[in-house]
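These are the residues of each chain, in order.
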Amino acid sequence: MNWVVLFVAGLLEVVWAVGLKYTEGFTRFWPSVVTASALLISLGMLSWAMRDLPVGTAYAVWVGIGAVGTAVVGMLLLEEPATVSRLASIGLISVGIIGLKLSST
């Protein structure tokens with residue numbers, strides 16, 4: 001269950017990271033509310049998952065999911081470049097996330 005909570009927390013990290021783009025420096029109300037809410041819920045879920053998971057593993061997986069997800073969303077929705085080196089780097093981060101998960105069971 002902690003891994004599911006951690007995964008959802010990582011997805012919410014993507015929401016708030018991408019949401020920062022739409023807040024325009026927290027000058028837009030609703031994007032700011034969504035971004036701040038996603039941030040608080042994501043951190044709360046990360047904290048919950050860390051009760052039973054190793055702190056280093058949980059944090060690295062959370063950040064990794066957020067980094068990969070944010071990069072993918074940037075490429076798909078925000079027209080950021082999808083170069084071979086970016087895709088390869090995302091692949092390496094993903095392998096690291098999977099390795100951490102497998103080594104913590």
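Residues numbered from 1 in each chain as written. Predicted model: local features only at pLDDT ≥ 70, side-chain atom pairs only at ≥ 80, totals over all residues. Heavy atoms only, no water.

(A) Focus on the overall build of the protein. From N to C terminus, the protein includes four helices and zero strands. Each helix and strand of the protein, ordered N terminal to C terminal, gives the series α-α-α-α. Considered along the principal axes of its C-alpha atoms, the protein spans approximately 40 × 35 × 15 Å. Scored against the burial criterion, the 105 residues of the protein give a buried share of 33%. Sequence-distant contacts, at least 24 apart, represent 64% of the contacts inside the protein between residues at least 6 apart. Of the accessible surface of the protein, which amounts to about 6300 Å², a share of 74% is contributed by carbon and sulfur atoms. Across the protein, 5 positive and 5 negative side-chain charges occur, with their mean positions spaced 4 Å apart. (Helix = DSSP H or I, 4+ residues; strand = E, 2+ residues; numbered from the N terminus. Buried < 20%, exposed > 50% of the residue type's maximum accessible area, 1.4 Å probe, protein only. Contact = heavy atoms within 4.5 Å. Areas by Shrake-Rupley, 256 points an atom, 1.4 Å probe, with all protein chains shown as cover. Lys, Arg positive; Asp, Glu negative; His and termini not counted. Charge placed at Lys NZ, Arg CZ, Asp CG, Glu CD.)

(B) How the structure looks around the nonpolar core. Leu6 and Trp62 are the most contacted members of the largest nonpolar core, which totals 19 residues. Mapped by element, the contributors of at least two residues to this core are helix H1 (2-23), helix H2 (29-49), helix H3 (55-77) and helix H4 (84-103). Ranked by residue count, the leading element in this core is H3, at seven residues. Apart from the residues within four sequence positions on either side, Leu6 is in contact with Leu46, Ala49, Leu53, Ala58, Val61, Trp62 and Ile65. (Core = buried A, V, L, I, M, F, W, Y, C linked by side-chain atoms within 4.5 Å.)

(C) The pattern of salt bridges, seen in detail. Within this structure, the stated rule accounts for two salt bridges. When the shortest N-O distance is used, the salt bridge between Arg28 and Glu24 registers 4.0 Å. Residue class for Arg28 comes out partly exposed when judged on its relative accessible area of 35%. In this structure, the salt-bridge partner of Arg86 is Glu80, at a minimum N-O distance of 3.5 Å. The partly exposed category is assigned to Arg86, whose relative accessible area is 27%. Residue class for Glu80 comes out partly exposed when judged on its relative accessible area of 33%. (Salt bridge = Lys/Arg side-chain N within 4 Å of Asp/Glu carboxyl O.)

(D) Inspection of the packing of H2 against H3 at higher detail. Put simply, H2 and H3 touch, their axes get as near as 10 Å, and they point 150° apart. Between H2 and H3, the crossing angle belongs to the class labelled roughly antiparallel. Considering how the two elements wind past one another, H2 and H3 form a crossing that is right-handed. Listed contacts from H3 to Ser42, Leu43 and Leu46 of H2 are Ala58, Tyr59 and Trp62. When grouped by side-chain class, the residues that make up the contact of H2 with H3 number five nonpolar, one polar and no charged. (Axes fitted to C-alpha atoms, helices over the stretch in contact; angles between N-to-C directions. Parallel < 35°, antiparallel > 145°, perpendicular 65-115°, else oblique. Left-handed = near helix turned anticlockwise from the far one by under 90°. Nonpolar A, V, L, I, M, F, W, Y, C, P; charged D, E, K, R; others polar.)

(E) Just unusual backbone geometry, in detail. Although it is not a glycine, Glu24 sits at a positive phi angle of roughly 50°. With respect to the helices and strands, Glu24 occurs in the loop between H1 and H2. At Phe26, a position not held by glycine, the phi torsion is positive, near 60°. Owing to a relative accessible area of 52%, Phe26 belongs among the exposed residues under this scheme.

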